[in-house]
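Single-letter residue listing:
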Amino acid sequence: MPFPKLFSAGKIGKMKIKNRLVMPPMVRNYADVKGLVTKRYIDHISSIAKGGVGMMVLEASFIEQAGRGFKNQLGVHSDTIIPGLSLLVEAAHKHKAVIGPQLYHAGRQTLKAITGVQPVAPSAIPDPLEQEMPHALTVGEIKDIVKKFADAARRAKTAGCDFVELHGAHGYLINQFLSPFSNTRTDEYGGTQEKRNRFMLEVYAAVRAAVGDDFPVTIRLSADEMVEGGLGVKDMVKVAKVIAKAGVDAISVTAGVYGSYTKGYMIAPMFMSDGLLLKYAKAVKRAVKVPVIAVGKLRTPQICEKLIKEKIADFAAIGRPLLADPEWPNKAKKGQAALINKCVACNQGCIQRLFSGEDVLCTVNPTCGREGEFAKLLGAKKKVLIVGGGPAGLSAAKVAAERGHKVTLYEASRKLGGQLWAASALPHRESWNDLTRSLVADVKRLKVKILIGKKFVPNMIKKGEYDAAIIAMGSTALTPILPGVIHDNVILARDYNEGKAKAKGRVIVLGGGCQGAQTAEALALQKHKVTVVEMTDAVAIDAPLEDRAMLLERLSKLGVNIVTNTKVKSIGATSVVVEGKTGESAIPGDTVVICMGAFSNDGINREVKQLVGNVAVVGDALHPRRITDAVAEGALAALAL
Ligand SMILES: Cc1cc2nc3c(=O)[nH]c(=O)nc-3n(C[C@H](O)[C@H](O)[C@H](O)COP(=O)(O)O)c2cc1C
Ligand code: SF4
């Protein structure tokens, strides 16, 4: 067997686990507004269970309405949850995975708009991210919440769950009590670490009493809060020892709170390295005797095997990797690790959507959250023409071929991947290559007929030759109509990033969206003196929260000059004339790099429609957007065939 440690059986308390792979909790926003389980949720959990993971921790599930953090989060707040929860249990047990919810109260890390009431906390100190003043809990209210944790645990056990996890991490209520960053109480729940531990210990004791000694109760802790005035790893290791001594059956080790979210440790973006939290798991593992669960960009079976072999932790949790490929465990076990569709840590499809109040999807796996739709039975097999081999076209070709259609794909350039190449050429964005590699390998494996270096023109095909066509011809970078734009010193960001154009001397980037800001970083790393000119009041606003914060920090360190609320009037040989709030001025620069959006390549659609009955236009060819949209749209068009 390729990964013998990873696929050896494990144990938490008396609970046997078939391997060392854990699905960590992830809020999906797939529940209904009452927090109840939906068919979509069951389909999603079934697909992950089927993929071979050993232990499944259901998302942070609110124990009372006031402690809810997301609109369509799962609840364990009422007995009405029990029937739905049992269906999730059934889905996991069918594939011999153990399952249980993460019991959670958001405390101050939520909003009145979500809970309907003022957030609560140990002390009246607003969370730095949410910025809403919480109500400091009275002792009576604390006791009531402790009881609600116990009620929730009882419901989980009644529904047939195998364990419960207490959410003691990420700055939510239990964590808030633990930390002087959020707890300045002077009663028995604050003042010293011992007193700050009291709430966690009371919750644990009440939950233990509700479920009995044999039922595993685990806890998740942030081993370092990463905020000034908060708990660091030495403090948290002591907390871990206290809760282990109290009787908890395992400790899941993560890091960060909302106040440090943008440092990129909690849900690490592409910029951060794989296994970034292992040092924390190791620190806790050295201090306690109970099993430890490690997490954080453990994207490959190799890294998971190694951490277990080296006794850094007893279990490896893979969160986003399971959204990207629920079959990750089965593929690893069967020696097909190279076929794993790797999470690229873009954070765009999953956590960025969740924080915007949307449901969780995955950029590299359009099936995630749409498992029911993708289970749709195949109708008649069709001859399908796909024009364009970028992310939308490749995704369409993959799904169409998987579903048994006969697929022909035309790509005008000499390589497949489209804009993924420019995206992966940007600093710290090379993980996009994982998606390109995976899509290309899939279409080849699925025997899609690929006509590369062949520009498609409609008269290449006869009427009726194809049953359906998917146009995925991408977009062309926009060149604005500006005086001086045709000068030799003006280039397109896409061309620069693909190595087709060079910059000289001082550079002015026109357009400060995410791509413009990332291009500015690439240029600054090449020692150019860079200015970014942006029309709106902020740059890179389309990037995920943590990605943006880290990018801006890097740009600032590189000395990139960012000019917002400013329009370009004209381009000269050594400067650009701009108009800002204080009037017109000239910014010196030798090269101008344009990154001001794109327009769709949709010129052939009408002609193709006359030759092929059923035509869909997807991705940038429909409307220039992000890779997440391109991959999803391509796949959905193929599904609709
Ligand atoms: C969409 C999403 C939702 C999450 N929700 C939770 C949660 O409910 N509880 C929790 O403890 N961690 C949550 N996390 C953090 C994950 O459990 C995990 O620690 C993190 O994603 C890092 O692991 P990974 O690199 O394997 O994804 C969430 C992460 C994501 C991406
Ligand atoms: S959306 Fe991006 S970060 Fe999230 S699971 Fe998918 S690939 Fe990973």
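Before any of the text, the structure's been laid out above.
In this text the structure is predicted, and so the values were computed from the model without any measurement.

Caption draft 1: Representation of helix 22 (residues 627–639). The terminal C-alpha atoms of helix 22 lie 18 Å apart, and with 13 residues this matches the ideal 18 Å at 1.5 Å per residue to within 8%. With ten of 13 residues buried, helix 22 lies mostly within the body of the structure. Buried within helix 22 we find Ile 627, Thr 628, Ala 630, Val 631, Ala 632, Gly 634, Ala 635, Ala 637, Ala 638 and Leu 639. Buried residues along helix 22 sit in contact with helix 14 (371–374), helix 15 (391–402), helix 16 (420–425), helix 17 (432–445), strand 16 (468–471) and strand 27 (614–617).

Caption draft 2: Just the sheet that holds strand 19 (residues 507–510), in detail. One open sheet holds the five strands; their spatial order is 18-25-19-20-21, and the pairing between them is parallel. Only two strands of the sheet have a single partner each, and these edge strands are strand 18 (490–492) and strand 21 (561–563). In this sheet, neighbouring strand axes are inclined to one another by 20° on average, regardless of whether the strands run parallel or antiparallel.

Caption draft 3: The nonpolar core, seen in detail. Met 55, Met 56, Leu 88, Phe 199 and Ile 251 are the most contacted members of the largest nonpolar core, which has 170 residues in total. Of the residues forming this core, the biggest block, eight residues, is contributed by helix 4 (residues 139–158). If sequence neighbours within four positions are ignored, Met 56 has contacts with Met 23, Ile 45, Ile 48, Ala 49, Ala 92, Ala 97, Val 98, Ile 99, Gly 100 and Phe 163. Counting residues in each nonpolar core, the second largest holds 21 residues, with Ala 503, Val 509, Ala 522 and Leu 551 among its members.

Caption draft 4: Representation of the site of ligand 2 within the structure. Taken together, the residues surrounding ligand 2 are Arg 320, Cys 343, Val 344, Ala 345, Cys 346, Asn 347, Gly 349, Cys 350, Cys 362, Thr 363 and Val 364. Tallied by class, residues from the shell around ligand 2 come to seven nonpolar, three polar and one charged.

Caption draft 5: Region of interest: the site of ligand 1. Surveying the vicinity of ligand 1 reveals 21 residues, the closest of which are Pro 25, Gln 102, Arg 220, Lys 297 and Gly 319. Between ligand 1 and Arg 220, the relevant distance is 2.7 Å, taken from an oxygen atom to a side-chain nitrogen or oxygen of the residue. Taking Gly 319, its main chain carries an N or O atom lying 2.8 Å from an oxygen atom of ligand 1. Breaking the shell around ligand 1 down by element, the ones donating at least two residues are helix 11 (320–324) and helix 13 (351–355). When the residues that make up the shell around ligand 1 are grouped by side-chain class, the tally is 13 nonpolar, five polar and three charged.

How each quantity is defined
- Residues numbered from 1 in each chain as written.
- Chains lettered and ligands numbered in written order.
- Predicted model: local features only at pLDDT ≥ 70, side-chain atom pairs only at ≥ 80, totals over all residues.
- Heavy atoms only, no water.
- Helix = DSSP H or I, 4+ residues; strand = E, 2+ residues; numbered from the N terminus.
- Expected span 1.5 Å × (residues − 1).
- Buried < 20%, exposed > 50% of the residue type's maximum accessible area, 1.4 Å probe, protein only.
- Contact = heavy atoms within 4.5 Å.
- Pairing = 2+ DSSP bridges.
- Axes fitted to C-alpha atoms, helices over the stretch in contact; angles between N-to-C directions.
- Core = buried A, V, L, I, M, F, W, Y, C linked by side-chain atoms within 4.5 Å.
- Near = heavy atom within 4 Å.
- Nonpolar A, V, L, I, M, F, W, Y, C, P; charged D, E, K, R; others polar.
- Polar contact = N/O pair within 3.5 Å; in protein donor to acceptor, adjacent residues only side chain to side chain.

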